[in-house]
Structure formats: C-alpha cells, structure tokens
Amino acid sequence: MLPFEIRAAILGDEEQMLTVARHLNSVNLPHDRDAIHEIVSLSHKSFTGEIKDPRLRQYVFVLIDRVKQHIIGTSMIIAQLGRRGAPYIYFDVLDEERYSATIDRHFHHTLLRIGYSYDGPTEIGGLVIMPEYRRTDRLGTFISYVRFLYLAAHRELFQQEVLAELMPPLEPDGTSHLWEALGRRFTDMTYAEADRLSKKNKEFIKGLFPEGPIHASLLPEDAQKVIGKTGLQTRGVEKLLRRIGFRYAHRVDPFDGGPHYTARMDEISLIADGKRTRADRPYSPVAGERKGILAVEMNEPPFFRAVLGNLREGPRGVAIDDEAWETLNLHHSSPLMVLPIE
C-alpha cells in the first residue's frame, strides 16, 4: 500500500486541519476554528464549481498518512488575490541614491511605498507539514508541487501571474520587528490582531497607512534587517521557487516585510512539465525508474486525488506502477494528470 496520498480538502477535515494549522498560523491558514471551517467550505465549493466566478475560488489540498488516516500537511491555491473590495496590498521596495557635492556625502536609501492591486495574481500558499514528517523523503515536494500540476491542468481558471508570499524572520513568540516599528504606530493594533482582521477586511490598511514613501533608514535596525528577507523556516521554499522560475518582485508584505516572489505561468517549469494524458496500463517497476505526481479528478468527494508513483510514457499514454494504479482506481484510458519529478 502506498503510505501517502494527496486529496482535496473535504467537509469533516476541519479538526485535523486545525491541528496542522497550529504549525503555521498564517493569514492563509490561521490556527482558528471558525476560519478553518470557512476555508474548508470555500475549498469544497471551489472544487464542485458551486462558486461560479473562478476568481473567487480557493483550492485546499491535504496530505494524508494512509496508514494512520490522518492529515499531516496542507497547501492551497487562491485563484485571485486582489479584487474590488479586497485589494492585494504590498510595499514596493525602492532604491534611492542621494549625493551632496558640498560635503561629498553619498547615501543609498531603501524606501517603502504602499501599493494596491484590484486585479491581482493567483497566490500559492498555506504550505505546511507536521514536524515529525518533514524529513520524510519527497513529502515536501509532493504537497508543494501538486499545486503546480493543478495549475497546469486548469490554466483557464487562474491569473497569468502567480505569487508566493514567504515568511520573514520572526521572533520565537511571533513578533514582527517591522510591524512593531511601523504598522503598530499607524494602527495601534498588535501584529496578530491586524493579521487576523486583514483576512476579512483590508480597509483599515488603506485608511491608516501612510501613502507616501517611507525611508526605511528611519526605522530601527532590527526592522530594516527583515525587509525582503526570508525566514529560516522558508529558505527551502525560496530555493525551490527560484529553481522553477520565480524571482523576488521587490515587493514585501506590509505587515512583516516578508518577500513576494512572482512568475508568469509560462515561466514556471513545473507548469510546463505538467500535462493531461491517459492511463495506459499497470506495470511492476524496477529501481531507478522515473517518478512523478499522478492525479485524477472525480465528480464526488474528494474530487481530486494524487499519489507519488513510477511512470513510463508511451504512445498510448502513461503506464503506471501497480500500487499507484490500484490506489487511484485506474482503468485503461482513464483521464490522468501527470507531473514528472526529477
């Protein structure tokens, strides 16, 4: 039996997802029971097509330990971040040089300027694996890559620009030095309070944050140091994003200074490699064969399932190893989504 699979989140997953969320507690996956119920419900309606406007959809994938029948990780796709009433908000990070010939002084300054987009990008986020599974071979790749396979199979549902927001360095208690130096002074709210409110209502940011450029050199040094920097816990994600075509957009989160990485659909290698095909036949694999993410869709829960398996591409489709074939309940010429993994 294959030990792990990924499927779409379904109604009833809320309590297990809440346990997983405790290890991330981000805006996309907060450690909050009501918020998790809302996220699962939105995902369910997205996979079923009950939400007619594809820009309003949000897809949540859960990684399952099939032996224990427990959710051990998540990832998600937000079809569009930024629309009327809920803009995508960020700080542009700008460089400025100043020179005085009179006193022969030259300075390089970093400026922050708030920006808004009402027709924003697709966002990938909510990536977390339970700590005891993080060293298990390929699981991080599996739950991260599945989003790109889904994007490749449904390009028409998503924006051309894809965004990933990375966590910056935070203190062990979750303190953001940038927020304490900047955001708190303009909102009189804690980082956690503002983070929670921004999930539902961003008006306070537009109403209270300064519109003009902010000279970062006026901020405390510990706040300056986190602008655009990736936290230790997400450096592996940063390396992955760079490898597959993403780049730092010189934009950061206005709350904590975490960097924004972006790429267009046609620049992302994993989207180029993912494809729709047909299942050919099952076979018994040998060591060293090519592996990939193999996925199917269905009209009833869980709507989407994926496993890691061996594959052989041929003229009649893709041959799949016996275990993956059985797990996905495949038949000859079954529709199949495939993303080979090097």
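Higher on the page you've got the structure.
Now for a look at the structure at hand.

Cut-off values and rules
Position numbers for residues start from 1 in each chain and track the written sequence from start to end. Local features in this predicted model are restricted to residues of pLDDT 70 or higher, and side-chain atom pairs are both shown and tallied only at a pLDDT of 80 or more, whereas totals for entire chains, interfaces and linings draw on every residue. Here the side-chain values reflect all heavy atoms present in the structure, with hydrogen atoms and water set aside. Paired strands, in this sense, are two strands between which DSSP finds at least two bridges. Numbering of helices and strands starts at the N terminus; helices are DSSP runs of H or I of at least 4 residues and strands are runs of E of at least 2. Contact definition: two residues touch when any of their heavy atoms are within 4.5 Å. Buried Ala, Val, Leu, Ile, Met, Phe, Trp, Tyr and Cys residues that are joined via side-chain atoms within 4.5 Å together make up what is termed a nonpolar core. The cut-offs for exposure are 20% and 50% of the maximum accessible area for each residue type, with area from a 1.4 Å probe on protein chains only; residues under the lower value are buried, those over the upper are exposed, and the others partly exposed. Residue count minus one, scaled by 1.5 Å, sets the expected span of a helix. The angle between axes fitted to the seven residues ending at a residue and the seven residues starting there is what we call the bend at that residue. Any pair of nitrogen or oxygen atoms within 3.5 Å is treated as a polar contact; in protein, a donor-acceptor pairing is required on top of that, and neighbouring residues in sequence qualify only through side-chain atoms on both sides. Angles here are taken between N-to-C directions and fall from 0 to 180 degrees, while the axes themselves are lines fitted to C-alpha atoms, restricted in helices to the stretch in contact. An angle below 35 degrees is treated as roughly parallel, one above 145 as roughly antiparallel, one from 65 to 115 as roughly perpendicular, and anything else as oblique. For a crossing to be left-handed, the near helix must be turned anticlockwise from the far one by less than a right angle; the clockwise case is right-handed. We call Asp, Glu, Lys and Arg charged. Ala, Val, Leu, Ile, Met, Phe, Trp, Tyr, Cys and Pro are nonpolar, and the rest, Gly among them, are polar.

## A closer look at the pairing of strand β5 (residues 105-117)
- The pairing of strand β4 (residues 88-100) with β5 spans 13 bridges and is classified as antiparallel. Residue I89 lies in a different strand from β5, and its bridge partner there is Y116.
- Where β4 folds back on β5, the antiparallel hairpin that results is connected by four residues, among which D104 adopts a positive phi of roughly 50°.
- As paired elements, β5 and strand β8 (residues 214-215) share two bridges and run antiparallel to each other.

## Description of the side chain of H154
- For H154, the location among the structural elements is in the loop between α3 (139-153) and β7 (161-165).
- What H154 contacts, discounting residues up to four positions off in sequence, is R276 and E297.

## Comments concerning unusual backbone geometry
- Along the chain, P301 connects to P302 via a cis peptide bond; the corresponding omega equals 10°.
- Residue placement: P302 occurs in the loop between β12 (291-297) and β13 (304-314).
- One non-glycine residue, Q69, lies in positive phi territory at about 55°.
- For Q69, the position within the fold is in the loop between β2 (58-65) and β3 (70-78).

## With respect to the nonpolar core
- Ranked by size, the top nonpolar core spans 64 residues in total, and within it M17, F61, F148, F158, F246, I268 and F304 carry the most contacts.
- Looking at this core, the element that brings in the most residues is α3, giving eleven residues.
- The residues touching M17, leaving out its near neighbours within four places in the chain, are A9, L29, I36, V40, V60, V62, I71 and T74.
- Membership of the second largest hydrophobic core comes to 24 residues, among which are L178, W179, V252 and F255.

## A word on α3
- Compared with an ideal rise of 1.5 Å per residue, which puts 15 residues at 21 Å, α3 spans 21 Å between its outermost C-alpha atoms and is within 8% of the ideal.
- Along its length, α3 shows its largest kink, about 30°, at Y145.
- Within α3, 13 of the 15 residues are buried, which leaves the element mostly enclosed by the surrounding structure.

## Observations concerning the environment of R312
- Along the polypeptide, R312 turns up in strand β13.
- Expressed as a C-alpha distance, the spacing of R312 and T230, which sit 82 residues apart in the sequence, is 38 Å.
- In contact with R312, not counting residues within four places along its chain, are R281, Y283, S284, E289, G317, V318 and A319.
- At 2.6 Å, the side chain of R312 forms a polar contact with the side chain of E289.

## Considering the side chain of S117
- With respect to the secondary-structure elements, S117 resides in strand β5.
- Polar contacts involving the side chain of S117 include one to the main-chain amide nitrogen of G120, which spans 3.5 Å.
- When near neighbours in sequence (up to four residues on either side) are disregarded, S117 contacts G82, R83, P87, Y88 and Y90.

## What to know about the packing of helix α1 (residues 14-21) against helix α2 (residues 33-48)
- For the pair α1 and α2, the least separation of the axes is 9 Å and the interaxial angle reads 120°. With respect to their mutual orientation, α1 and α2 come out oblique. Here the hand of the crossing between α1 and α2 comes out right-handed. Contacts from E14, E15, M17, L18 and A21 of α1 reach α2 at R33, I36, H37 and V40.
- By residue class, the composition of the contact of α1 with α2 is five nonpolar, one polar and three charged.

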